[in-house]
Amino acid sequence: MQRYFVAAEQFGDSDIRIIGEDAHHAVRVMRTKPGDKFIVSDGQSRTALVAVREASPTLIMAEIVEMLSADSEPNWAITIAQSLPKGDKMELVIQKGTEIGAYAFKPFQSERMIVQYDGKKEAKRMDRWTKIAKEAAEQAHRNRIPDIESLHSWKELIQSFGSYDLVLFCFEREGHAAHGRGIGSAVREWINRADMASSPSVLLIVGSEGGFTDREAAEAEAAGAVLVGLGRRILRTETAGIVGLTCLLYESGEMGGA
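Residues numbered from 1 in each chain as written. Predicted model: local features only at pLDDT ≥ 70, side-chain atom pairs only at ≥ 80, totals over all residues. Heavy atoms only, no water.

### Some points on the nonpolar core
For clarity, the cut-off: By nonpolar core is meant a set of buried Ala, Val, Leu, Ile, Met, Phe, Trp, Tyr and Cys residues that side-chain atoms within 4.5 Å join together. Each residue gets one of three labels from its accessible area relative to the maximum for its type: buried under 20%, exposed over 50%, partly exposed in between, using a 1.4 Å probe on protein chains only. Only DSSP runs of H or I covering at least 4 residues are called helices, and only runs of E covering at least 2 are called strands; the numbering of each starts at the N terminus. Should any heavy atoms of two residues lie within 4.5 Å, those residues are considered in contact.
Ile94, Leu168 and Leu248 are the most contacted members of the largest nonpolar core, which totals 32 residues. Secondary structure elements with two or more residues in this core: strand S6 (77-83), helix H2 (89-100), helix H3 (122-139), strand S9 (166-170), helix H6 (183-193), strand S10 (201-206), strand S11 (226-228) and helix H8 (237-251). Contact partners of Ile94, with chain neighbours within four places excluded, come to Phe105, Trp129, Ile132, Ala133 and Ile148. Listed in part, the 17 residues of the second largest apolar core include Ala81, Trp154, Val167 and Leu203.

### Focus: the pattern of salt bridges
Using the following cut-off: The working definition used for a salt bridge is a side-chain nitrogen of Lys or Arg within 4 Å of a carboxyl oxygen of Asp or Glu.
Taken as a whole and judged by the stated rule, the model has 18 salt bridges. Close ionic contact of Glu219 with Arg215 constitutes a salt bridge, the shortest N to O distance being 2.7 Å. Here Glu219 and its partner Arg215 are both found in helix H7 (residues 214-222), 4 residues apart, which amounts to about one turn of the helix. The exposure class of Glu219 is partly exposed, given its relative accessible area of 31%. Residue classification places Arg215 among the partly exposed positions, given a relative accessible area of 41%. Through salt bridges with shared partners, a single network forms among Asp15, Arg53 and Glu63.

### Observations regarding H2
Convention followed: Given the number of residues in a helix, its expected span is that number minus one, multiplied by 1.5 Å.
Over its 12 residues, H2 extends 17 Å from the first C-alpha to the last, a length consistent with the 16 Å expected when each residue adds 1.5 Å. Along its buried surface, H2 packs onto S6, strand S7 (104-108), H3, strand S8 (147-148) and H8. With its phi angle positive at about 135 degrees, Gly101 sits one or two positions after the end of H2.

### Description of the pairing of S7
Definition in use: Strands pair, by our definition, only if DSSP identifies at least two bridges between them. Seen with its strands pointing away from the viewer, a crossover is right-handed when the path leading from the first strand over the helix to the second is clockwise.
Across the 5 residues of S7, 5 count as buried, placing the element largely inside the fold. Neither face of S7 is open: one carries Ala104, Lys106 and Phe108, the other Phe105 and Pro107, and all of them are buried. Relative to S7, S6 is paired through 5 bridges, and the arrangement is parallel. Paired with Gln82 across the strands is Pro107, a residue of S7. Once the chain exits S6 it traverses H2 before rejoining the sheet at S7, and the crossover so formed is right-handed. For S7 and S8, the ladder comprises 2 bridges, and the chain directions are parallel. Residue pairing for S8: Ala104 is matched across the bridge by Asp147. You can see the chain leave S7, run along H3 and come back into S8, and the turn it takes is right-handed.

This is the structure we're talking about:
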C-alpha cells in the first residue's frame, strides 16, 4: 500500500491534506481517485490509514479511516556519520541507509576526503538528500524520515561523541589485524557491560574513499570511540555504512540477533 509523509499541519484530527509533488505523484502516476486508500504519516508520532475524498494534481483531501501504530522504527537510533564521498555516492548511502533503518545521517570532512566541498551548493544538495530520504522512507513504510545534518568538520564530529551512548569508528586496520575487533563483538561487549537505555543512540563513523589516517583513528579513540572492523575485505565507502548499519540492527535484535 502506498505511503506518504505530510507536514504536521496537514495532518488533522479527522482529515488529511496532501499537496504539491505528492498530490501530483498520487494522481498522475499512481492514478489515485476518490475511494482509494493509502497510509499517511506526519513523520513524528501519527500514522493513519486514509480514504481519498477528493483528488486533483494539486490537492488530495482524505479522511482518516483508522489510526495505526508506529511500529516500523528500530529500537536503536543509529546515525551514520559519513565522510563526504565524491559523486552521487552519498545519495546511495542515504537511500539504502533509510530503507534499512538509519535514524540520521551526519556528513563530515576528513583528512583523506577526495571531493572538494563547495559551500555554495549546500542548500541544493541538502534539498536533494532530503527528497531521497523521504522517498526511501515512504518505500520502506517507515514512520519517520531520517534527519540529515549539515556538513561537520572533523573537530565538530569529535565534539558530538558525547551525544551518543556508543560511538563506533570503522577502521580498515581492525579488520585485518590479528587481534582486531569486529563490529559484532564490540557491540556485544557493550551490551553486556552497559546500562542499556530503552532506545540507545549509536554513532557509526565511516571514512571516505581514502579511508582514515592513523592520527584520526587515534583522536577518535581518545575521544571515546571504539575502533571496529567490518571484515577482512575492502569495502567501498558507500558500502561500509550500509554493512555496519545492518550489523548493528542484527545485534540489536531487529533481525533476529542477540
